[in-house]
Amino acid sequence: MTGDHMHESHPDIIKRLKRAQGHLASVINMIDSGRPCLELAQQLHAVEKAIQQAKRVLVQDHIEHCLDAAIGPLESEQQSRIDEFKAIARYL
C-alpha cells in the first residue's frame, strides 16, 4: 500500500468494505430476482452495518494515531485528557 495516510487498520477496512461490496451485489441480484421486501430490507441492513463498522474502525484509528501526532508532546495532565477523549470516542 502506498500513500501518506495509510494506517495499520486499513487492510482490515478494505477487507470489510470488499465484503460489504459483495453483499450489496447479492442484494441487487435478490431485487432482480423478485425476493420479498422483508428479506431485502434485512440484507440491506446487514450491508449498512458492515459499512458503519468500517467507518467506525477508520475514525477510531485516525483518532488513536493521528491525534498525538497533530498535538505533539504534552504534559501528563494534558495527555490524560487526550487519553480520556480517545477512550470515550470508542463508544461512538
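Above this text sits the structure in question.
These remarks concern the structure in this document. (Residues numbered from 1 in each chain as written. Predicted model: local features only at pLDDT ≥ 70, side-chain atom pairs only at ≥ 80, totals over all residues. Heavy atoms only, no water.)

**Side note on the side chain of Lys86**
Line of reasoning, step 1. Inspection of the secondary structure assignment puts Lys86 in helix α3 (residues 76-89).
Line of reasoning, step 2. Taking relative accessible area as the criterion, Lys86 reaches 6% and is therefore assigned buried.
Line of reasoning, step 3. Excluding residues that lie within four positions of it along the chain, Lys86 makes contacts with Ile63, Glu64, Leu67 and Asp68. (Helix = DSSP H or I, 4+ residues; strand = E, 2+ residues; numbered from the N terminus. Buried < 20%, exposed > 50% of the residue type's maximum accessible area, 1.4 Å probe, protein only. Contact = heavy atoms within 4.5 Å.)

**Focus: a nonpolar patch on the surface**
Line of reasoning, step 1. A grouping of Leu24, Ile28 and Leu44 is seen on the molecular surface, where their side chains present a nonpolar patch of about 240 Å² in accessible area.
Line of reasoning, step 2. Inspection of the secondary structure assignment puts Ile28 in helix α1 (residues 10-32).
Line of reasoning, step 3. For Ile28, a relative accessible area of 46% gives the class partly exposed. (Patch = residues over 30% accessible without salt bridge, like charges linked within 9 Å, V, L, I, M, F, W, Y side chains within 5 Å. Areas by Shrake-Rupley, 256 points an atom, 1.4 Å probe, with all protein chains shown as cover. Salt bridge = Lys/Arg side-chain N within 4 Å of Asp/Glu carboxyl O.)

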